[in-house]
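# Analysis of the macromolecular model
These are the residues of each chain, in order.
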Amino acid sequence: MFDLDEKNIIIIGGNKGIGFAYAESLLENHAKVTISGTVESENLNAVKKLQQISEKVSYINFDVTNIEVFFDYLQSKNTIPNVLFLNQGMLNFKESWNENTINESVRINLTRSLEITEIFVNNLIKNNQSGKVIYTASIAGILGMPLDITYGASKAGLINAAKSYAVKYGKYGITFNTISPGWVDTNMYKKIENLPFSDKLKETIISRTPLKRVGETKDLKGVATFLSSSESDYITGANIVID
């Protein structure tokens, strides 16, 4: 078990799915955790569940399109958050794309992640603290996803951003890594059910997965906890595939 007692962790997109699983594991390992989401009722429900593990959990209502809220949150804290998970994601299955739909997807999946990263890192540097940034990318950023080209492209951008940031900010003791899951049984995966060829797509997904099953959120807990811990202090710029 990793001891995360000194870790003050923010999970953007932490009230359900993969982000919620991260929160469970981090709290089990004694971290202080703040989750965020756009819907207050979902945040409250998630915190209520997580408090059964630890009282060291709170939430902020945060829409990544309004990054000023994140900046204000950091400025209001007496204890500086030192680990950031960027877990938000937007997946749209479309036959064609235009400038507006491309920009919307890339803004949520990539652009806002970079902007939030800059705010978080500058706050660490200003306070002479080291820290960790962990992106949830995707196997789609490596293999491609023809069903949603912008999703795969933006997740590939996160993988490269982590490598570039690792070089830029390593001298400050700040590390950057990505977790790239394959298909995981979350609400995002359930979008497949609405596609006319869902059965065939599921067969394809399983056939391309070495373990011949869809992942579960618990499968990501271990690596999230490890990357948050001091045991990973010399790992940066890495992309860990869980598929």
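Residues numbered from 1 in each chain as written. Predicted model: local features only at pLDDT ≥ 70, side-chain atom pairs only at ≥ 80, totals over all residues. Heavy atoms only, no water.

### Thoughts on the pairing of strand 5 (residues 131–136)
The buried fraction of strand 5 amounts to six of the six residues, a majority that puts the element mostly inside the structure. Here strand 5 pairs with strand 6 (residues 174–181) via six bridges, running parallel. Following the sheet pairing, Ile-134 is matched in strand 6 by Asn-177. (Buried < 20%, exposed > 50% of the residue type's maximum accessible area, 1.4 Å probe, protein only. Helix = DSSP H or I, 4+ residues; strand = E, 2+ residues; numbered from the N terminus. Pairing = 2+ DSSP bridges.)

### Considering the pattern of salt bridges
If you walk through the whole model with that rule in mind, you get seven salt bridges. Measuring nitrogen to oxygen at the nearest pair gives 3.2 Å for the salt bridge that ties Glu-24 to Lys-221. Of this pair, Glu-24 sits in helix 1 (residues 17–28) while Lys-221 sits in helix 9 (residues 221–228), placing them 197 residues apart in sequence. Here Glu-115 makes a salt bridge to Arg-112, at a shortest N to O gap of 2.6 Å. Residue Glu-115 and its partner Arg-112 are both found in helix 4 (residues 99–126); the two are separated by three residues, about one turn of the helix. (Salt bridge = Lys/Arg side-chain N within 4 Å of Asp/Glu carboxyl O.)

### Examining the sheet that holds strand 5
Read from one edge of the open sheet, seven strands run 3-2-1-4-5-6-7, paired in parallel fashion. Every interior strand has two partners, whereas the edge strands, strand 3 (57–61) and strand 7 (239–242), have only one. Between one strand and the next, the sheet's axes are offset by a mean angle of 20°, whatever the strand orientation. Alignment of strand 1 (residues 8–12) against strand 2 (residues 32–37), held across five bridges, turns out to be parallel. What sits directly across from Ile-12, in strand 2, is Ser-36. Across the sheet, helix 1 is in contact with strand 1, strand 2, strand 3, strand 4 (83–86), strand 5 and strand 6; its angle to strand 1 comes to roughly 165°. (Axes fitted to C-alpha atoms, helices over the stretch in contact; angles between N-to-C directions. Contact = heavy atoms within 4.5 Å.)

### Overview of a nonpolar patch on the surface
A contiguous nonpolar patch, built from Ile-142, Leu-143 and Val-241 and spanning about 260 Å² of accessible area, is present on the exposed surface. Following the sequence through the fold, Val-241 ends up in strand 7. (Patch = residues over 30% accessible without salt bridge, like charges linked within 9 Å, V, L, I, M, F, W, Y side chains within 5 Å. Areas by Shrake-Rupley, 256 points an atom, 1.4 Å probe, with all protein chains shown as cover.)

### Side note on the packing of aromatic side chains
If you walk through the whole model with that rule in mind, you get seven aromatic pairs. Aromatic side chains Tyr-22 and Phe-85 sit 4.9 Å apart centroid to centroid with 40° between the ring planes, which places their arrangement in the tilted category. With a gap of 63 residues between them, Tyr-22 in helix 1 and Phe-85 in strand 4 connect regions that are remote in the sequence. With respect to class, Tyr-22 is no different from Phe-85; both count as buried. Between the aromatic rings of Tyr-165 and Phe-176, the centroid separation amounts to 5.1 Å while the plane-to-plane angle is 20°, which identifies the pairing as stacked. With Tyr-165 in helix 6 (residues 149–169) and Phe-176 in strand 6, this residue pair connects regions lying 11 residues apart in the sequence. In this structure Phe-176 comes out as buried when scored by relative accessible area, which is 0%. In this structure an aromatic cluster arises from ring pairing among Tyr-165, Tyr-169, Tyr-172 and Phe-176. (Phe/Tyr/Trp six-rings, centres within 6.5 Å; stacked < 30°, edge-to-face > 60°.)

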